[in-house]
Amino acid sequence: MNRNKAIFAVILLLSTNLCIAEDWPQWHGPNRDAMSTETGLLQQWPSEGPPLAWRIDGLGGGYSAPSIDAGRMFGLSNRGDDEVVWALSETNGKQLWVTRLGPAQTEGMPQGREGAGCSPTIDGDLMYVIGAGGTMACLQVSDGKIIWQRSLTEDFGGVVPTWRYNESPLVVGNLVFCTPGGPNATMAAVDKKTGQTVWTNQLVASAGESEREASAGRRGRGRGRFGPRSGAGYSSPILIEAAGMRQIVQLTADALVGVDPDSGESLWQYKAPANPMGINCSTPIFRDGLVFAASAYGTGGGAVVLKNDAAGTVNADEVYFTPKMQNHHGGMIVIDGALYGANGGNGGGVLTCLDFQTGDVLWQDRDADKGALLHADKRLYLRTEEGELILIEPNKQEFIQRGRFEQPDRTESPAWTHPVIANGKLYIRDQDALFCYDIQSKT
C-alpha cells in the first residue's frame, strides 16, 4: 500500500509539473481568441520581470505581432521605402529570409504609419499576409517566395481605411477571407492555392435595425478625411459555428456581421458596437453562446445570441449593450464567465471586468492602464499602451497583480503591438526591436 501511494505521488508530481508548449501560427493564436493552452509558465514574476532570453534589432518599423510555427517566426515591417515580410529563427531571432511585398504605405493619418499591423497566417507550407496598402499575398514558408499576389484596391475596388489596412487574413479550408471595404466588395474570399476570387459581397444596413443601432451606425459610406470612406474597419475575422451553421464573423466599419463562408451571403448584422467614425478595431468574440464586439469613441460593446427563425433566417438578438466596454484596439478575453478588456479610447482607459452574460461591471482598476491582452496558464498578460507589461491573475472580484516590468529602450511610438506567447516564451515587439522573455517555470 505504501509503495502504491509513493508511485501515485510521483505520478501526481510529474503531472502537475507537466509543461505543454504551443505555437502561435496566426493573429491571436491557434483559435484567434488570444488564449494559449500552454502550461508550466511563471505564475509570479520577479521584481525585474522574467529573464530576457534574447533581443534582436533591425526588424524595421511596424506593429505586426509575430506568428510562430515550427521553429520560425514571421512578420511584416517597413524598411526604408519597402514593405517586407520576414522570417526569423525562433531559437535566437536570426533572420532566415526577407521578401519585398511592395512599396511602404505612407498615406493616411500619421498614427501607425511606421508599418503594417497584420500578423501572418501560417497554413502548412504556406503563409498569407495583407500589407498596409492592401497587398495580399501567399508566400512559401521555407524561403519567402511569393506564390500569388492580389491587390484589395485594384482587384476588388477596395478603399484603404484612413489608418491603412491592419487586418490579418483568415484561412478556412481552401479559402482565404479578407475585407477590402469597397462599394462592391465589403468582404471577399479567394482560393488559397491560386488567389482567384471565389466571392465578394456588399454588406448594407439592415432594414430591421433598432433605433439605437441606427443612431450608432454610420449612415452611408460618405467621404473621409482622405477620400471615400472604407467599409473595412481594422478588425480581423473569426470562424464560429452558431445557429446550426458555420459563419465568418467580422467587425466592419459599419457593423458586426455574420456571413456564409461558402457564398458570402449576409446572414445577420448588428450595428450597435460600431462607432460612427468606422474606427472599429478589436476582434469579435464568440464564447458561451454569445457573439460580442466593442469599439471606442463614445460607443461601447454589445452581445447577441444567434437563432434561426421558422423561415431559416438567422436573427441576431441583442442580449445587452453597455457603454462600459469601449474597447479601442487592445482586444478582450472571456475567462470563466467574465470579460476582461480596456474601457477607453484616445484619452486612455483602464482594465475593466464585466459579467459576460449580463454586461454588468464587476470591477475597474486604474493600476492597469489601457492595453492589449492575452491569456495563458491561468494568467492574463497586459501590455499597456505605454509599454509596461503586467501579469494578472483573473478574478471576478478584484484586480490581482502578479508582476510588472518595463522593457528596455522603449521607443516613442505607442506600444500597440499585441504580445505573443509560444513555447514557453513571451514576445514583445517595439517597432525595430523584438524581445524574447523566458516565462517557463523552473519548479
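Residues numbered from 1 in each chain as written. Predicted model: local features only at pLDDT ≥ 70, side-chain atom pairs only at ≥ 80, totals over all residues. Heavy atoms only, no water.

1. Some points on the sheet that holds strand S34 (residues 425-430)
Our working rule: DSSP calls a pair of strands paired once it identifies at least 2 bridges connecting them. Here a strand is any run of E in DSSP of at least two residues, a helix any run of H or I of at least four, and the numbering for each starts at the N terminus. The axes used here are C-alpha line fits, helices contributing only the stretch in contact, and every angle between their N-to-C directions lies in the interval 0 to 180 degrees.
If you walk across this open sheet you meet the four strands as S2-S35-S34-S33, and the pairing is antiparallel. The open sheet terminates on both sides in strands that have one partner only, identified here as strand S2 (52-57) and strand S33 (420-422). Strand-to-strand, the axes of this sheet are offset by a mean angle of 20°, without reference to chain direction. Direction of pairing for S2 relative to strand S35 (residues 433-438): antiparallel, over a ladder of five bridges. What sits directly across from Trp54, in S35, is Cys436.

2. Here's the deal with the sheet that holds strand S3 (residues 67-69)
Across the sheet, four strands lie side by side as S3-S4-S5-S6; this open sheet has antiparallel pairing. Strands with a single pairing partner mark the edges of an open sheet, and in this sheet they are S3 and strand S6 (95-103). Mean inter-strand twist for the sheet, computed between neighbouring axes without regard to direction, equals 25°. In this structure, strand S5 (residues 82-89) lies alongside S6, joined through seven bridges in antiparallel fashion. By the bridge assignment, Asp82 is partnered in S6 with Pro103.

3. Side note on the pairing of strand S19 (residues 256-259)
The line we're drawing: Each residue's exposure class comes from its accessible area (1.4 Å probe, protein chains only) as a fraction of the maximum for that residue type: buried when under 20%, exposed when over 50%, partly exposed otherwise.
The alternating pattern of S19 places Leu256 and Gly258 and Val257 and Val259 on opposite faces, both of which are buried. Across four bridges, the pairing between strand S18 (residues 245-251) and S19 is antiparallel. When the bridges of S19 are listed, Ile248 appears paired with Val259. Counted between consecutive antiparallel strands, the loop separating S19 from strand S20 (residues 266-270) contains six residues, among which Gly264 sits at a positive phi close to 80°.

4. Details of the nonpolar core
Which entries qualify depends on this criterion: Nine residue types can take part in a nonpolar core, namely buried Ala, Val, Leu, Ile, Met, Phe, Trp, Tyr and Cys, and a core is a set of them joined through side-chain atoms within 4.5 Å. By definition, residues are in contact when any of their heavy atoms lie within 4.5 Å.
If you look at the biggest cluster of nonpolar residues, it comprises 32 residues, and the most contacted ones within it are Trp45, Tyr340, Tyr381, Ile421 and Leu426. When residues of this core are assigned to their parent elements, the largest contribution, four residues, is made by strand S31 (residues 388-393). With near-sequence residues (within four places) excluded, Tyr340 lies in contact with Gly331, Met332, Ile333, Ile335, Thr352, Cys353, Trp363, Leu373, Leu380, Pro394, Asn395 and Lys396.

5. What about the layout of surface pockets?
Quick note on the threshold: The rule is simple: put a 1 Å grid over the protein atoms alone, call a set of points where a 1.4 Å probe fits but cannot get out a cavity, call an open set with protein on both sides within 12 Å along at least five of seven lines a pocket, and count a residue as lining if it has an atom within 4 Å of a point. Grid points are joined across faces, edges and corners, and a volume is the space filled by probe spheres set on the points. Polar here means any residue outside two lists: the nonpolar Ala, Val, Leu, Ile, Met, Phe, Trp, Tyr, Cys and Pro, and the charged Asp, Glu, Lys and Arg; Gly therefore counts as polar.
In this structure, the largest pocket occupies an estimated 620 Å³ of space. Lining the largest pocket are 30 residues, with Asn166, Tyr234, Cys281, His329 and Trp416 sitting closest to its centre. Each residue belonging to the lining of the largest pocket can be placed in one class, and the counts come to eleven nonpolar, 16 polar and three charged. What lines the second largest pocket is a set of 22 residues, among which Asn31, Arg32, Asp33, Ile238 and Leu239 lie closest to the centre. Elements with a contribution of two residues or more to the lining of the second largest pocket: strand S11 (170-172), strand S17 (238-242), strand S21 (285-287) and strand S25 (332-335).

6. A closer look at the side chain of Ser282
Put simply, the rule reads: The definition of a polar contact used here is a pair of N or O atoms within 3.5 Å, where within protein one atom must be able to donate a hydrogen and the other to accept one, and adjacent residues in sequence count solely through side-chain atom pairs.
Within the secondary structure layout, Ser282 lies in the loop between S20 and S21. Side chain to side chain, Ser282 and Asn327 meet in a polar contact 2.4 Å long. What Ser282 contacts, discounting residues up to four positions off in sequence, is Ser235, Leu251, Ala294, Asn327, His328, His329, Gly330, Gly331 and Met332.

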